[in-house]
Amino acid sequence: MTNHQDFRKERDSAAVVILGAGVAGLTLGNLLQAAGVECVVLERATRDHVQTRARAGFLAPGTVRVLERHGLADGLRRRGLPHGTCEFRTADGAFRLDYSRLGRREQHTVYPQQDLVTDLLGHFLDGGGEVRFETTALGVEETDGPRPTVTVRDAEDRPGRWRARYVAGCDGRHGAARDSLPPTARRHRRDHGVTWLGLLAEAPPSLDAVGYALHERGFAGHMARTPEVTRYYLQCERGLAADAWSEERIWDELDERLYAPKLGPLLRGPIVQRGIIALESDVVEPLRHGSLLLAGDAAGLLSPTAAKGANLAVLEAELLAEALVEDLVHGDPGPLERYSQRCLRNIWRAQEFSHWMVQLLHAPSESGASGASGEEASYHAALRASRIEALRTSRPHQDWFAENYLGL
Ligand code: RFL
């Protein structure tokens, strides 16, 4: 078998070709580089785009520990903010769950995903790593043998081909890795039938907690990102255009659904980013197909209700790096054989919790407003009220919530 260091002699080849310079791909790249395994990252977007794409913000303690273990946590230690409280709001009032005092007594670190990606990228490049930006992977071929190839198109639209011993598909849900899976791959998918208008406001957080509001007009969410920037979510009709509502309408709607007249005003500011998010979840099984391995959103997508996606991406990247190093450096293929099974346990646990969160926060789409479906809607509304009441009053429920909200 080709030694992992022999790949350096060939043009456009690396022991591990990583698709995607996101959280999963860059964590993996850094860990392989630290272990002396040669790798290259192929990224469709520009460097500027990956460093400014605002998405996640809540890092679980386990994720922070992984990043600390590998010397990748300097930025988040300096600028990340601790967070440990959720506030649930309903027509009956509000209650706070201080989850940092429940369950394992840990807390989140709020650190914008684009800052984490910037840190990971800087560390990788400073250590001599290679990222080919504006290089789109088109497909992964010959994955059933020991020399898979990745077909690419570069910034000048020139075709190319990369050879590897392993290809790590960290290119998200719509990437080339998923498109290249053999027919034996199983896909599990759930459309939750719920749509969010996701907003980023240049406005300080209005609460010192994550705000989850259940309202007859639909769900609204509040999540701090930095002292100057806040993410808001509004459940909306599927098919709504992201720019359909004026800023004033958005703030009025947020006021109404977050019960601002009763519970205190929201700090307004310009909406600097907006997008439509259809709440969907899926999982690909297994995560290994010969010499193609999946991690991050490419392996499984979660609805953003429980803030798990970026956290799973980091954990999977660490497991994958360990397994690849065992195989390529120490000649032990065992961890790579177990990689998929190990990840799937975490993935399904996270799927289960985020599915529960979707059901807690939204009326199911099939329950309409009239007739039999009206009765069904009121049944589900009462169920959600009962769940909220259990969270408000029952310590075992609260511990369960904290354990799942923070852990993986
Ligand atoms: P990424 O970060 O999307 O990176 C994939 C990279 O692959 C590139 N790419 C390609 N490159 C080459 N060739 C191709 N053919 C390619 N196709 C794609 C892309 O340009 C990109 O750079 O995936 P990764 O690394 O798997 O990381 C996953 C996380 O980004 C994602 O799960 C989270 O953002 C989910 N998520 C949250 N997760 C949390 O843990 N906590 C949160 O608070 C949280 N909030 C969120 C979120 C996701 C959101 N969106 C996207 C709906 C809030 C939102 C609004």
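Up top you'll find the structure we're talking about.
A brief look at the structure comes next. No experiment lies behind these values; they were computed from the predicted model shown.

Neighbouring the ligand are 34 residues; Glu43, Arg53, Arg55, Gln113 and Asp297 lie closest to it. Arginine 55 is positioned such that a nitrogen or oxygen atom in its side chain is 2.7 Å from an oxygen atom of the ligand. Within the contact set of the ligand, an oxygen atom lies 3.2 Å away from a backbone nitrogen or oxygen of alanine 307. Protein contacts shield 91% of the accessible area of the ligand, which totals 1,000 Å² for the unbound molecule. Elements represented by at least two residues in the shell around the ligand include exactly α1 (23–34), β9 (136–141), β15 (230–236) and α9 (309–330). In terms of residue count, α9 provides more of the shell around the ligand than any other element does, four residues in total. Of the residues in the shell around the ligand, the class split is 15 nonpolar, 10 polar and nine charged. Residue assignment places the shell around the ligand across two domains, with domain 1 (4–84 + 108–189 + 281–355) and domain 2 (192–279 + 370–406) each supplying three or more.

To continue, consider the pairing of strand β16 (residues 271–285). Both strand β12 (residues 186–201) and β16 contribute to a ladder of 13 bridges, which runs antiparallel. Pairing of alanine 201 across the sheet is with isoleucine 271, part of β16. Both β16 and strand β19 (residues 300–301) contribute to a ladder of two bridges, which runs antiparallel. Across the sheet, residue aspartate 282 finds its bridge partner in β19, namely leucine 301.

Parameters at a glance
Residues numbered from 1 in each chain as written. Predicted model: local features only at pLDDT ≥ 70, side-chain atom pairs only at ≥ 80, totals over all residues. Heavy atoms only, no water. Near = heavy atom within 4 Å. Polar contact = N/O pair within 3.5 Å; in protein donor to acceptor, adjacent residues only side chain to side chain. Areas by Shrake-Rupley, 256 points an atom, 1.4 Å probe, with all protein chains shown as cover. Helix = DSSP H or I, 4+ residues; strand = E, 2+ residues; numbered from the N terminus. Nonpolar A, V, L, I, M, F, W, Y, C, P; charged D, E, K, R; others polar. Domains from an automatic or database assignment. Pairing = 2+ DSSP bridges.

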